[in-house]
Amino acid sequence: CTITPSRPDPSAAPVHTITSLNRWVSRHGLGRRVRVRGEVTWANGRQVYVRDMSGSIAVTLWSPATLSAGQQVDVSGFVAAGTYSPTLEDAVVALGSDRVEAAAALRVSATELLNGQHDAGLVTLDAEVVNQVGDPDRQLVLKAGDLVFTAPGPPTGALETFEPGTLVSVAGVCRVQGGPLQTLSETLKGAGYATAAVVTDASLGADRGFGQGVDHF
């Protein structure tokens, strides 16, 4: 094998745009250190989300850092395969500009969330409350168009109580889940619901996959 020594100073590495990391990984593979520069959209301990003019990325820091949304940072970390898009792990961060402004969320539709282009991005959309689940870490089950998704509360502070059917505007970091598509019943079951289905057509049997995610069919 060939061993390539890393640069002793991470800040000496060239700066990559976030969306270019997909092409970079296809050429150089995972596990190499790269450097990106952008603004913090969300941070809590070692978990940070950063965006530049091209896109957003999830970053896991080597050690916790006190960062604020809107702060400009220089991040050097090792590229890893995320669920949907590349991430940076064991990263170190250097602060950029001292001026901190609140990071603005991008307004999106439910359809736009499904295509994956906003993975790790700070977004906002209107939705209807389906239910609240979890104890003590409560989260909302929301519906926007044909999309049913969950939204955990803030890292600190209690999540406000909403009645089912309440229309809300939510803002947060979008994470697209990879793997097979989930049915609505699987999403609801994962959120704590009991699910059941009744059919009168013999061709819609559980042996043909129509019972996926259903407790009682």
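None of these values were measured; they are calculated from a predicted model. (Residues numbered from 1 in each chain as written. Predicted model: local features only at pLDDT ≥ 70, side-chain atom pairs only at ≥ 80, totals over all residues. Heavy atoms only, no water.)

Student: Before we go on, may I ask you to explain the pattern of salt bridges in this structure?
Tutor: Two side chains of opposite charge can pair, provided their charged atoms sit close to one another. Here the structure, examined in full by the defined rule, presents five salt bridges. Note that glutamate 39 is salt-bridged to arginine 51, the shortest N-O span being 2.7 Å. Taken together, the residues span a long stretch of sequence, with glutamate 39 in strand S2 (residues 33–44) and arginine 51 in strand S3 (residues 47–51) at a distance of 12 residues. Both residues of the pair, glutamate 39 and arginine 51, count as buried. In this structure, arginine 107 engages aspartate 126 in a salt bridge whose closest nitrogen and oxygen atoms are separated by 3.5 Å. Taken together, the residues arginine 107 in strand S7 (residues 106–107) and aspartate 126 in strand S8 (residues 122–133) connect sequence positions 19 residues apart. Given the relative accessible area of 49%, aspartate 126 is considered partly exposed. A single network of salt bridges, built from pairs that share partners, joins Arg35, Arg37 and Asp74. (Salt bridge = Lys/Arg side-chain N within 4 Å of Asp/Glu carboxyl O. Helix = DSSP H or I, 4+ residues; strand = E, 2+ residues; numbered from the N terminus. Buried < 20%, exposed > 50% of the residue type's maximum accessible area, 1.4 Å probe, protein only.)

Student: Looking at this structure, how should I read the pairing of S3?
Tutor: Walk down a regular strand and you will see the side chains alternate between the two sheet faces. Most of S3 sits inside the fold, with four of its five residues counted as buried. Here S2 runs beside S3; their pairing, made up of five bridges, is antiparallel. From the neighbouring strand, glutamate 39 faces S3, where its bridge partner is arginine 51. Here S2 hands over to S3 after two residues, with glycine 45 in that stretch at a positive phi of 70 degrees. Of the pairings in the sheet, the one linking S3 to strand S4 (residues 56–61) comprises five bridges and is antiparallel in character. (Pairing = 2+ DSSP bridges.)

Student: What am I meant to see in helix H1 (residues 21–28) here?
Tutor: For an α-helix the count is 3.6 residues per turn, leaving residues at separations of three or four pointing the same way. Within H1, the full set of buried residues consists of Leu21, Trp24 and Val25. For H1, the arc enclosing every buried residue in end-on projection is 100 degrees, short of the 170-degree limit, so these residues lie on one face. In this structure, H1 carries Arg23, Ser26 and Arg27 as exposed residues pointing more than 90 degrees from its buried face. On its buried face, H1 sits against strand S1 (15–16), S2, S4 and strand S5 (72–80). Of the residues one or two after H1, glycine 29 is the one with positive phi, at around 85 degrees. (Arc of directions from axis to C-beta. Contact = heavy atoms within 4.5 Å.)

Student: Sorry, what's going on with the pairing of S8 here?
Tutor: Bridge count for S7 against S8 is two bridges, and the pairing is parallel. Residue pairing for S8: arginine 107 is matched across the bridge by threonine 124. In this sheet, strand S11 (residues 167–173) lies alongside S8 in antiparallel orientation, the contact comprising seven bridges. If you follow leucine 125 over to S11, its bridge partner there is valine 170. The sheet contact formed by S8 and strand S9 (residues 139–144) spans five bridges and is antiparallel. Counterpart to valine 133 in the pairing with S9 is glutamine 139.

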